[in-house]
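# Report on the structure
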Amino acid sequence: KNDYIDIFSHRIMIPIFDQYGNPVGFGARVLGDAKPKYINTMATPLFNKSELLFNYHKAKSFARNYEMIVVEGYMDVISLHQRGVTNVVGALGTALTEQQGWLLRKSTEQVILGFDADGAGQTAIARSMEILQKMGCDMRVLQIEGAKDPDEYIVKFGEGRFRLAMDNAISLVEFKVKN
């Protein structure tokens, strides 16, 4: 029995690139309910999740009207990109770091936070807003009712409605008032 095939037969392998398009690591997403759900390359001098944004090397050239949407992970990015939303990056988790914030600030004026609708996603929005506010970013928060994350939302409602949600993303003040 081949252990390599057995271990990875139920996972999708995803290359992760740095801001210049150089491959620096990989992520894997389990198909189904097995645990752990995600596996990433261990931290190395080339791969540090806190300094990378998944898909940044492509999304920076697609930033629509100097606007970038940030989602939690690569599955959201892939789903949105496949459906025509190309100005999207993944934070590779639920925590946007200062390093990632500065990377965003280099290429965009407006950042739309599109984290999951669960408690961890909402906490990540609040933390991310603190970081991005210090950098002078115009921040917005994506409101996606009827879905748990951007991937589910765009699959369920389509690109047009997703772009409408992006256009109607709420400000920092509105988010704080609602929460």
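Residues numbered from 1 in each chain as written. Predicted model: local features only at pLDDT ≥ 70, side-chain atom pairs only at ≥ 80, totals over all residues. Heavy atoms only, no water.

### Thoughts on the pairing of strand β1 (residues 11-17)
Rules: Here, a strand pair is defined by DSSP locating no fewer than two bridges between the strands. The helix count covers DSSP runs of H or I at least four residues long, the strand count covers runs of E at least two residues long, and both are numbered beginning at the N terminus.
The sheet contact formed by β1 and strand β2 (residues 23-30) spans 7 bridges and is antiparallel. When the sheet's bridge partners are listed, F17 is paired in β2 with P23. Hairpin remark: β1 followed by β2, antiparallel, with 5 residues in the connecting loop; positive phi at G21, about 95°.

### Re helix α7 (residues 159-167)
Helical periodicity: at 3.6 residues per turn, an α-helix aligns residues three or four positions apart in one direction. Our working definition: Exposure classes here rest on a 1.4 Å probe applied to the protein chains alone. A residue is buried below 20% of its type maximum, exposed above 50%, and partly exposed in between. Note: the arc covers the axis-to-C-beta directions of the helix. We call two residues in contact when some of their heavy atoms are within 4.5 Å.
Residues of α7 that are buried include every one of F162, R163, A165 and M166, and no others. For α7, the arc enclosing every buried residue in end-on projection is 155°, short of the 170-degree limit, so these residues lie on one face. Contacts from the buried residues of α7 go to β4 (67-71), α3 (74-82), β6 (110-113) and α6 (150-157).

### So, the pattern of salt bridges
Put simply, the rule reads: Whenever Lys or Arg places a side-chain nitrogen within 4 Å of a carboxyl oxygen from Asp or Glu, that contact is recorded as a salt bridge.
Within the structure shown, the criterion is met by 5 salt bridges. When the shortest N-O distance is used, the salt bridge between K148 and E152 registers 3.2 Å. On the basis of relative accessible area, K148 is assigned to the exposed category, the value being 52%. You can call E152 partly exposed: its relative accessible area is 28%. Taken together, the shared-partner salt bridges in this structure form one network comprising K148, D149 and E152.

### What to know about the packing of aromatic side chains
Rule in force here: Pairing of aromatic rings covers Phe, Tyr and the six-membered ring of Trp, with a centre-to-centre limit of 6.5 Å; geometry is then stacked below 30 degrees between planes, edge-to-face above 60, and tilted otherwise. Any Lys NZ or Arg CZ found within 6 Å of a ring centre and within 35 degrees of that ring's normal is scored as a charge over the ring.
Evaluation of the coordinates by the stated rule reveals 4 aromatic pairs. Residues Y153 and F157 carry aromatic rings whose centres are separated by 4.8 Å and whose planes lie at 50° to one another, so their mutual orientation is tilted. Placement of the pair is Y153 and F157 together in helix α6, with a separation of 4 residues, close to one helical turn. Taking relative accessible area as the criterion, Y153 reaches 4% and is therefore assigned buried. The structure contains a cluster of three or more aromatic residues connected by ring pairs, namely Y38, F54 and Y74. Just above the ring of F157 sits the side chain of R161; from NZ or CZ to the centre is 3.8 Å.

### Details of the side chain of E72
Rules: Any pair of N or O atoms that falls within 3.5 Å is considered a polar contact. Within protein, one atom must be able to donate a hydrogen and the other to accept it, and sequence-neighbouring residues count only if both atoms are side-chain atoms.
Looking at where E72 falls in the secondary structure, it is placed in the loop between β4 and α3. Accessibility expressed as a relative area gives 12% for E72, which makes it buried. Within the local environment of E72, its side chain forms a polar contact with the backbone nitrogen of D116, the two atoms lying 3.0 Å apart. When near neighbours in sequence (up to four residues on either side) are disregarded, E72 contacts G90, A91, L92, G93, T94, F115, D116, D118 and G121.

### Things to note about unusual backbone geometry
Even without a glycine there, the phi angle at N55 is positive, about 80°. Take N55: it is sitting in the loop between β3 (38-40) and α2 (56-59). Accessibility expressed as a relative area gives 9% for N55, which makes it buried.

### Re the sheet that holds β3
The condition is simple: Note on geometry: axes are lines fitted to C-alpha atoms, helical ones only across the stretch in contact, with angles between N-to-C directions running from 0 to 180 degrees.
As summarised here, the arrangement of the 3 strands in space is β1-β2-β3, forming an open sheet in which the pairing is antiparallel. In this open sheet, the two strands that pair with only one neighbour each are β1 and β3. Pairs of neighbouring strands in the sheet enclose a mean axial angle of 20°, with direction left out of account. Where β2 lies against β3, 3 bridges are found, and the strand directions are antiparallel. By the bridge assignment for β3, G27 is matched with N40. Across the sheet, α3 lies against β1, β2 and β3, angled at about 85° from β1, the strand it touches most.

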